[in-house]
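Summary of structural features
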Amino acid sequence: MRDSLVAAAFQLFLERGYEQTTVDEIVALAGVGRRSFFRYFPSKEDVVFPDHERCLAEMNDFLGDSSGEGGEGEGGADDPVARVCDAARVVLRMYAENPTFSVQRYRLTKKVPGLRTYELSVVWRYERALAEYLRGRFAGRRDGTLRADVIAAAVVAAHNNGLRSWLRSDGQSDATAEVDHALAHVQQVFGSDPGPDPAPDPVGPVQRPTGKSAKRTADDDVVVVISRRGAPMWRVVQEVETALGRDPE
């Protein structure tokens, strides 16, 4: 019934136009009642994007799979950038499963401003899911949230660039090649996972000395010596030895 409603809706959208088609006309062509329509689709806009809820759930399942298996890009779970690129390919597969429908929807969305707005809200949900995953992977790092949000936005932009190139060809070009080419730019820019931020120096930052020389005692001595430019080397060595508490020879 769900597929019948989608087929009936798009037949009418193509024949009469989206704005001119009513829900009553859709259910009449599909041979069902209004209640059946709203059981599957909260609004007329939702019938244009019938597969995004399922796809979003699949993408979240993919990101939640810690084994890292199943990604076409073989990024695995160890490299979060490669992982979110592979997650974008889950969305691509949804479009590529039915090229004719995807191209029809693309053409329809270009003509109807309200559908473009709706589509942007759907895209934002994908981006938010990617960002939330990356925030978890970058938690505790310097600028971790910023890095997560920027990479998520870049992945979505790259995916959409490749996807639109395929849709503009009426589904004749290679969708996978188009998206892979775009996502490669993301991985080139952001690279593989750099690992956690380095631990701070156990000795701590070197303080600015207040006199001629300063001494810090820890596991390893850190000595800062200030000397005049051009001072003879024996004088510099003498100052270092004095700072270390040694008697100069």
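Our structure is the block above this text.
Values in this document were obtained by computation on a predicted structure and should not be read as measured data. (Residues numbered from 1 in each chain as written. Predicted model: local features only at pLDDT ≥ 70, side-chain atom pairs only at ≥ 80, totals over all residues. Heavy atoms only, no water.)

**Considering the nonpolar core**
Buried together is how nonpolar side chains tend to be arranged in soluble globular proteins. As a reminder, the rule being used: To define a nonpolar core, start from buried Ala, Val, Leu, Ile, Met, Phe, Trp, Tyr and Cys residues and group those joined through side-chain atoms within 4.5 Å. Burial classes: relative accessible area under 20% of the type maximum marks a residue as buried, over 50% as exposed, and values in between as partly exposed (1.4 Å probe, protein chains only). Helix and strand labels come from DSSP, where a helix needs a run of H or I of at least four residues and a strand needs a run of E of at least two; each type is numbered from the N terminus. Working rule for contacts: check all heavy atoms of both residues, and any pair within 4.5 Å makes them a contact.
By size, the foremost hydrophobic cluster in this structure holds 39 residues, and its most contacted members are M59, V84, Y126, L130, L134 and V155. Those elements that provide at least two residues to this core are α5 (52-64), α6 (80-96), α7 (99-111), α8 (113-137), α9 (144-168) and α10 (175-190). Among the elements that make up this core, the one with the highest residue count is α6 (10 residues). With sequence-adjacent residues up to four places away left out, M59 is seen in contact with A87, V90, V91, Y126, A129 and L130.

**Comments concerning the packing of aromatic side chains**
Heads up, the rule is: Here a pair means two rings of Phe, Tyr or Trp (six-membered ring of Trp) with centres within 6.5 Å. Their orientation is stacked below 30 degrees between planes, edge-to-face above 60, and tilted elsewhere. Over a ring means this: the NZ of a Lys or the CZ of an Arg is within 6 Å of the ring centre and within 35 degrees of the ring normal.
For the structure shown, the criterion picks out seven aromatic pairs. With a centroid separation of 5.1 Å and 15° between ring planes, the pair formed by F49 and Y118 is classed as stacked. Placement of the pair is F49 in the loop between α4 (44-48) and α5 and Y118 in helix α8, with a sequence separation of 69 residues. Exposure remark for Y118: the relative accessible area of 22% places this residue in the partly exposed category. Among the aromatic residues, those joined into a ring-pair cluster are F10, F13, Y18 and F101. When the ring centre of Y18 is taken as origin, the NZ or CZ atom of K44, which lies over that ring, is 4.3 Å away. Looking at R83, its charged tip hangs above the ring of F62, at a distance of 3.9 Å from the centre.

**So, the pattern of salt bridges**
Heads up, the rule is: Salt bridge, as used here, is a side-chain nitrogen of Lys or Arg placed within 4 Å of a carboxyl oxygen of Asp or Glu.
This structure, assessed with the given rule, holds 10 salt bridges. Residues E53 and R125 are paired through a salt bridge, measuring 2.5 Å at the closest nitrogen-oxygen approach. Residue E53 is found in helix α5, and its partner R125 is found in helix α8; the two are separated by 72 residues along the sequence. The partner of E58 in a salt bridge is R54, with the nearest N and O atoms 3.1 Å apart. With E58 and R54 both in helix α5, this residue pair falls four residues apart, about one helical turn. The exposure class of R54 is partly exposed, given its relative accessible area of 38%. Shared partners join several salt bridges into a network, and the residues in it are R54, E58 and E97.

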